[in-house]
Amino acid sequence: MDWIRPLRELGIEDVGLVGGKNASLGEMLRALEPLGVRIPDGFATTADAYRAFVRDAGLEHDIDALLSGVDQRAVEELERRSDRVRELIARAPLPRELDAAIREHYATLSKQYGEDATDVAVRSSATAEDLPGASFAGAQESFLNVRGALDLADAVKKCFASLFTARAIAYRLDMGFDWRRIALSVGVQKMVRSDLASSGVIFTLDTETGHRGVVLVTSSWGLGESVVQGRVLPDQFWVHKATLERGFRPIVRCQLGTKEVRLVYDASVHRRVRNEPVPEHERARFSLSDDDVLALARWALAIERHYSQKNGKDTPMDIEWAKDGETGALVV
């Protein structure tokens, strides 16, 4: 039963098994970690695991009945049916073998990092999110600061359930996809304490003009969700590619962002996260040093070269990154 795979055993050819997000994490761990690019380790449940969960819990008939004849324009009814499907998934037990495998891989990951119980990020990766003409990326949920096997199993089911948010159901109806055609993989990675530092997104082109000669690094205080969701105006740094590759430090432009809020870990409410205002003195300074900007730009070039070679064509990249405030380490 191919229900769980360590990330470093995966590659981009495994999109159908673990979705684009997890397949790409595995690809980077195998091909780019040896070049010095750091990626948090972890594991992924497979599309087969999701299908086994739905089948063994006897959910297929109930989901069919609840989604039959649903109209995405009838918002209240759509939300009612969505809530009901997700409630059924939340109450259903994981297959015993899958639950045991999750516990085993989580224990192995904790030992790898020298901890009794590791905080992990639990992220959805739909196996159809990269189909031509359709993009499911961002439609499913992620859960941060998850600790312990029980909470992890619960987070995995919540990821499964996020395939049936009202937004996800409506999108599939618009695109003409039956719910059975989509499966979900769940990625579990070591949590990065960027709530104590900064995070952001790297683009291997200028996003305003499409110019391919620069790397654009964006950065803001706290966890990266604020940047990815556009909730803050981040700091921005432009690095000239050709000059960087010749060994210079070519940060050609910097722009200070407003960075009004940051997403941080909140131990008082069962390991959740919360937004907090950023003090004025921190808003007034850059959230990333020049050395870190240049290190991230070099990694971005290595990643872009790898995927361009893999795809047989020039392939611009967007890359999420984070800095761990406890260790000072950068990761993508």
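It should be noted that the structure appears before, not after, this text.
Residues numbered from 1 in each chain as written. Predicted model: local features only at pLDDT ≥ 70, side-chain atom pairs only at ≥ 80, totals over all residues. Heavy atoms only, no water.

K.L.:
Whenever I open this one, helix 5 (residues 96–112) confuses me. Can you help?
P.N.:
Note that an α-helix has 3.6 residues per turn; residues three or four places apart therefore point the same way. Compared with an ideal rise of 1.5 Å per residue, which puts 17 residues at 24 Å, helix 5 spans 24 Å between its outermost C-alpha atoms and is within 8% of the ideal. Looking at the buried positions of helix 5, the neighbouring elements they touch are strand 1 (4–6), strand 2 (42–45), helix 2 (47–56), strand 3 (120–126), helix 6 (149–161) and strand 5 (184–190). Positive phi shows up at Gly114, right after helix 5, with a value of about 70 degrees. (Helix = DSSP H or I, 4+ residues; strand = E, 2+ residues; numbered from the N terminus. Expected span 1.5 Å × (residues − 1). Contact = heavy atoms within 4.5 Å.)

K.L.:
Quick question: what am I supposed to make of the pattern of salt bridges here?
P.N.:
Counting across every chain of the model gives 34 salt bridges. For Lys259, the salt bridge identified is with Asp235, shortest N-O distance 2.8 Å. With Lys259 in the loop between strand 9 (251–255) and strand 10 (261–266) and Asp235 in strand 8 (residues 235–240), this residue pair connects regions lying 24 residues apart in the sequence. Considered together, Lys259 and Asp235 belong to a single accessibility category, that of buried residues. Here the residues in one salt-bridge network are Arg262, Asp266, Arg274, Glu276 and Glu282, joined through shared partners. (Salt bridge = Lys/Arg side-chain N within 4 Å of Asp/Glu carboxyl O. Buried < 20%, exposed > 50% of the residue type's maximum accessible area, 1.4 Å probe, protein only.)

K.L.:
What am I meant to see in helix 6 here?
P.N.:
When the terminal C-alpha atoms of helix 6 are compared, their 18 Å separation across 13 residues agrees well with the 18 Å that a helix rising 1.5 Å per residue should span. When we look at burial in helix 6, the residues that qualify are Ala149, Leu152, Ala153, Ala155, Val156, Lys157, Cys159, Phe160 and Ala161.

K.L.:
I tried to follow the packing of helix 5 against helix 6 on my own but got confused; where do I start?
P.N.:
The relative placement of two packed helices comes down to the angle between their axes together with the axis-to-axis distance. For the pair helix 5 and helix 6, the least separation of the axes is 10 Å and the interaxial angle reads 125 degrees. With respect to each other, helix 5 and helix 6 are oriented oblique. In the crossing of helix 5 with helix 6, the sense of the turn from one axis to the other is right-handed. For the pair helix 5 and helix 6, contact is made by Asp99, Ile102, Arg103 and Tyr106 and by Ala149, Leu150, Leu152, Ala153 and Val156, respectively. (Axes fitted to C-alpha atoms, helices over the stretch in contact; angles between N-to-C directions. Parallel < 35°, antiparallel > 145°, perpendicular 65-115°, else oblique. Left-handed = near helix turned anticlockwise from the far one by under 90°.)

K.L.:
Looking at this structure, I do not really get the sheet that holds strand 12 (residues 318–323). What am I missing?
P.N.:
A sheet is described by the order of its strands in space; here six strands give the open sequence 9-8-7-6-12-13, paired in antiparallel fashion. Lying at the two open borders of the sheet, with one neighbouring strand each, are strand 9 and strand 13 (330–331). Relative to strand 8, strand 7 (residues 214–221) runs antiparallel, the two sharing six bridges. Bridge assignment links Val214 to a residue of strand 8, and that residue is His240. (Pairing = 2+ DSSP bridges.)

K.L.:
I'm lost on the nonpolar core in this one. Help?
P.N.:
In globular proteins that are soluble, nonpolar side chains generally tend to be buried together. Counting 49 residues, the largest nonpolar core has Tyr50, Val122, Leu152, Phe160 and Phe164 as its most contacted members. Ranked by residues supplied to this core, first place goes to helix 6 with seven residues. Apart from residues lying up to four places away in sequence, Phe160 is in contact with Thr45, Tyr50, Phe53, Ile89, Leu94, Leu184 and Val186. Of all hydrophobic cores here, the second largest spans 34 residues; its members include Ile202, Val215, Ala302 and Ile319. (Core = buried A, V, L, I, M, F, W, Y, C linked by side-chain atoms within 4.5 Å.)

K.L.:
Sorry if this is basic, but what is going on with the sheet that holds strand 3 here?
P.N.:
Across a sheet, strands are paired by hydrogen bonds formed along the backbone, either parallel or antiparallel in direction. One open sheet accounts for five strands, arranged 1-2-5-3-4; its pairing is antiparallel. With partners counted over all chains shown, the strands left at the sheet margins are strand 1 and strand 4 (142–146), one partner each. Neighbour-to-neighbour, the strand axes of this sheet turn through a mean angle of 20 degrees, independent of strand direction. Bridge count between strand 2 and strand 5: four bridges; the pairing is antiparallel. If you follow Thr45 over to strand 5, its bridge partner there is Val186. Across the sheet, helix 6 is in contact with strand 2, strand 3, strand 4 and strand 5; its angle to strand 3 comes to roughly 25 degrees.

K.L.:
Any chance you could explain unusual backbone geometry here in plain terms?
P.N.:
Only a minority of non-glycine residues have a phi that is not negative, and only a minority of peptide bonds are not trans. One non-glycine residue, Asn145, lies in the positive phi region at around 55 degrees. Relative to the helices and strands, Asn145 is located in strand 4. On the basis of relative accessibility, which here comes to 2%, the residue Asn145 falls in the buried class. Despite not being glycine, Lys259 has its phi angle at roughly 50 degrees, a positive value.

K.L.:
Explain the packing of helix 4 (residues 75–91) against helix 7 (residues 166–175) here, please?
P.N.:
Orientation of helix 4 relative to helix 7, taken along the N-to-C sense of each, is 115 degrees, at an axis distance of 9 Å. By the angle between their directions, the pair helix 4 and helix 7 is classed as roughly perpendicular. Both helix 4 and helix 7 take part in a crossing whose hand is right-handed. Facing helix 4, whose interface residues are Leu78, Glu79 and Ser82, helix 7 presents Ala166, Ile169 and Ala170.

K.L.:
What is the right way to look at the packing of aromatic side chains in this model?
P.N.:
How two aromatic rings sit relative to each other is given by the distance of their centres and the angle of their planes. Applying the stated rule across the entire model yields four aromatic pairs. Ring centres 5.3 Å apart and planes at 50 degrees place the aromatic pair Phe237 and Phe286 in the tilted group. Of this pair, Phe237 sits in strand 8 while Phe286 sits in the loop between helix 10 (280–283) and helix 11 (290–311), placing them 49 residues apart in sequence. Residue classification places Phe237 among the buried residues on the basis of a relative accessible area of 1%. The class for Phe286 is partly exposed, based on a relative accessible area of 33%. Of the aromatic side chains, those joined through ring pairs into one cluster are Tyr50, Phe53 and Phe160. (Phe/Tyr/Trp six-rings, centres within 6.5 Å; stacked < 30°, edge-to-face > 60°.)

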